[in-house]
Amino acid sequence: MVKFSKQFEGQLVPEWKEAFVDYWQLKKDLKKIHLLNITNKNNNNNNNNSPNKHPNSSLSNTLLTSLKNFSLFGPQRKDHHEVIHVHKKLATSASKGDVYETELLEQFADTDAAKEFFNCLDLQLNKVNQFYKGKEKEFLERGESLKKQMEILVEAKTAFKQQRGKGASSLQDSKEDASISCTISREESIGDRAEQEQLQDNNITDDQVEKNDVSYGDICSRSSDELGKSMGIKREDSKLRTLSGQVFSCQGKNFGINIPLTTPSRTFSAISYLVWEDLVNQNSKKCTPEGSKLRINKTKLHHAEKMIKGAFVELYKGLGYLKTYRNLNMLAFIKILKKFDKVTGKQVLPIYLKVVESSYFNSSDKVINLADEVEELFIKHFADEDRRKAMKYLKPRQHKESHSVTFFIGLFTGCFIALFTGYVIMAHILGFMFSLLFLHFFLYGCNIFAWRKTRINYSFIFELAPTKELKYRDVFLICTTSMTVVVGVMFVHLSFLTKGYSYTQVQAIPGLLLLAFLLLLLCPFNIIYRSSRYRFLCVIRNIILSPLYKVVMLDFFMADQLCSQVPMLRNLEYVACYYITGSYKTQDYLYCMRAKHYRDLAYAVSFLPYYWRAMQCARRWFDEGQKNHLVNLGKYVSAMLAAGTKVAYEKEKTAGWLCLVVVMSSVATMYQLYWDFVKDWGLLQMNSKNPWLRNELMLRRKIIYYFSMGLNLILRLAWLQTVLHSSFEHVDYRVTGLFLAALEVIRRGLWNFFRLENEHLNNQGKFRAVKTVPLPFHEVDEQD
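Worth saying up front: this structure is predicted, and the values here are computed from it rather than measured.

The rules we used
Residues numbered from 1 in each chain as written. Predicted model: local features only at pLDDT ≥ 70, side-chain atom pairs only at ≥ 80, totals over all residues. Heavy atoms only, no water. Helix = DSSP H or I, 4+ residues; strand = E, 2+ residues; numbered from the N terminus. Buried < 20%, exposed > 50% of the residue type's maximum accessible area, 1.4 Å probe, protein only. Areas by Shrake-Rupley, 256 points an atom, 1.4 Å probe, with all protein chains shown as cover. Contact = heavy atoms within 4.5 Å. Salt bridge = Lys/Arg side-chain N within 4 Å of Asp/Glu carboxyl O. Lys, Arg positive; Asp, Glu negative; His and termini not counted. Polar contact = N/O pair within 3.5 Å; in protein donor to acceptor, adjacent residues only side chain to side chain. pLDDT = per-residue confidence, 0-100. Patch = residues over 30% accessible without salt bridge, like charges linked within 9 Å, V, L, I, M, F, W, Y side chains within 5 Å. Charge placed at Lys NZ, Arg CZ, Asp CG, Glu CD. Expected span 1.5 Å × (residues − 1).

Some words on the overall build of the chain
A tally of regular secondary structure across the chain gives 28 helices and eight strands. A buried classification covers 45% of the 784 residues belonging to the chain. Surface exposure of the chain reaches about 42,200 Å², of which carbon and sulfur atoms provide 59%.

Printed below as a string of structure tokens:
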């Protein structure tokens, strides 16, 4: 049977761990009481075994006790349940709620330890009530805001249907429909302060919202200076930028729609709309001072509907977490009180449990009512009155892990080992095109396994759909299957060569294998993890088009992986040149090395991953205004310079370039080591309770962190091999290069775990367990 402490730790919300009952500390306090009871019991046994020197005193004590139990009206009944009394005090502020303090009414054998236990118990109860009340208030406010957003959306959709039915002419003549009349105005691109803070904490993925234009129909003329004011984006620290559409009137108020500038299409369409609006309206003389009627845009409404739908899903998820928070804490109080009664022999559970049951976190039903309302609204507006369809969004079911996956992992692992052994026997030089890629993929599977074991919520950090994310066994299956196919094809390739087949035809086999993998990656059919392949392609697109796309965690995480795959990218560059130029037919392996365009392209390939990452830092600074991103940008600029000097040194092989490689690589290494340990890993904190580490650690053994820092330092210095020209006897230089590149991939796999651990602890410190989806409609003052 699983212990409750393990069950409790496995079911709690990771980001709210600090807000849950500290069950482990209460167990420690209870253990002290138990040890003191054992000590007192042993002392009493020793006293009983000693000779009784004062029999008269013992007899007098017995008589006094008997007299106390009787009165003039007969024997007094002692209430054995009144062991403690819990006082309820009003807090100084309404936000903190009531405060509970426990008074011991009966003398305990270990009074100090018992007081310490109940002080801790009261502290936990007060903490739970305060946190629950704060989160409940947050979700209720979000729920009320969503209800208003839903009302506006319904009226806007109704107005759109009327507009579509009546036509443009009848719409302009209509004066009764207030939901579609408006006063055209333009506000600053910085939206409401609270909504912008929500935007900063949330990143909407491409499958949550669709691309849209911002045109609305009839447009009122505006002067060129107003246009310049509207296009001039005002910066505020820690605020993302959005561009509002025109304002329309609904329910007697003016509303605008925020467009998050997350994609190039939205950015360019918003700017082009402003320019087009000014050009058209400079020649327009028909617009009245009061404004004109506004035609509601279907794409804009669909975009707003998707945003509101996503906000409902996240709100429902948060309410579910709050229900789990209530139930687990209630169960923790019951369990620890039962243990206390068992250890002390007192009847504390019935008394304290009444207090816990009547406390705010257990007695308030606002969360349950709000969850029911969210279900009803979602079923009505987003599921066509189909409850089962609605629950697929609100309560998505995760796919059950199949034993067949484990079976195929073992099968393909064995096949890979057998084929690899045969290939080693037949080949003298091992240089696989896909070895670095699949090593990286294998380490990612190990990362997922480690994240799950340490309760790091990587799905929330990466914003992965819980029903579509890859589990570590899926990653291992893909990795072993792919490597089996690769080595199998290479084995066939060598077999054909030994049997005397045409060299031109045989050399085309590796190229066909690469083409097959690319076609599989781009396959539009719903086979072989299509959702994961699509998400991967979207992330690669976002990286390549940096800084046009808004940067989310998964984007810069993947860009960092590419920085460790520069050797693989250069290898792919060579393979592309080898097959495109037809060198495989003439067996001229050095043709691409001699070509000037290829050498120039080698510079670009070495720069690109660092350039993409630097552009992402620039975009994040542009969006959030934090100088920390500029400092991070400098790290990748130094890496670009170091990579460029290394490529130039490989070409020139002069002492001057060698000195420049040493200087640039040393500066980049020191920069990167500082950023790895301090910024990404959150380590090297001088005032931490853990020497040279952070205060909160996910791993119990501190030696792992020290070992990882030392290993990261060694692997960061792998570039010294270029300077020292160290080589192994009778080992091909390509094998040495492959070995060093593999070490960099291993270092990146180690970095991945600690990077996400630090991100998880930051989220946990801010108690962020669900995404805060920005809402489309915002009220605009008439003065604006």
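Re the environment of L554
Within the secondary structure, L554 is located in helix 19 (residues 553-563). Linking L554 and I461, residues 93 residues apart in sequence, is a C-alpha distance of 8.0 Å. Setting aside anything within four residues of it in sequence, one finds L554 in contact with F462, L464, R535 and V539.

Structural notes on the pattern of salt bridges
Think of it this way: side chains of opposite charge can pair up when their charged atoms draw near. The full count for this structure, using the stated rule, is 19 salt bridges. A salt bridge links K32 to E116; the shortest N-O distance between them is 3.4 Å. Placement of the pair is K32 in helix 2 (residues 23-49) and E116 in helix 4 (residues 111-173), with a sequence separation of 84 residues. Close ionic contact of R620 with E624 constitutes a salt bridge, the shortest N to O distance being 3.9 Å. Placement of the pair is R620 and E624 together in helix 23 (residues 596-624), with a separation of four residues, close to one helical turn.

Quick notes on the side chain of E15
Among the secondary structure elements, E15 is positioned in the loop between helix 1 (4-11) and helix 2. The buried charged residue E15 lacks any salt bridge partner; its closest oppositely charged side chain belongs to R455, at an N-O distance of 7.6 Å. Within the structure, E15 has its side chain in polar contact with the side chain of N457 (distance 3.2 Å). With near-sequence residues (within four places) excluded, E15 lies in contact with N457, F460, H760, N763, Q764, F767, R768 and A769.

Considering the side chain of E136
With respect to the helices and strands, E136 occurs in helix 4. K366 provides the closest opposite charge to the buried, unpaired E136, separated from it by 4.6 Å. Reaching out from E136, the side chain makes a polar contact with the side chain of S364 at a distance of 2.5 Å. For E136, the residues in contact, after removing those within four places along its chain, are L322, Y360, S364, K366 and V367.

Some remarks on the confidence of the model for the chain
Looking at the chain as a whole, its pLDDT mean stands at 76, while 72% of the residues score no less than 70. Long-range and interchain partners of residues 168-245, a stretch whose pLDDT sits below 50, account for 212 contacts in this model, where long-range means more than four residues apart. Below a pLDDT of 50 lies the segment residues 283-294, which in the model reaches 23 contacts outside its immediate sequence neighbourhood of four places, other chains included.

Some points on a positive patch on the surface
Positive charge collects at one region of the surface, where K3, K6, K17, K27, K335, K338, K339, K342 and R700 lie side by side. In terms of residues, the positive patch owes the most to one element, helix 8 (residues 298-344), which gives four residues. Tracing the backbone through its elements, the reader meets K339 in helix 8.

Some points on helix 20 (residues 566-580)
Residue pairs spaced three or four apart in an α-helix point in one direction, given the helix's 3.6 residues per turn. In this model, helix 20 (15 residues) spans 21 Å end to end at C-alpha, consistent with the 21 Å of a helix rising 1.5 Å per residue. Taken together, the buried positions of helix 20 are V566, M568, E573, Y574, V575, C577 and Y578. Among the structural elements, helix 14 (435-453), helix 17 (503-521), helix 19, helix 21 (583-586), helix 22 (591-594) and helix 23 are those in contact with the buried residues of helix 20. Downstream of helix 20 by a residue or two, G582 has a phi angle that is positive, lying close to 75°.

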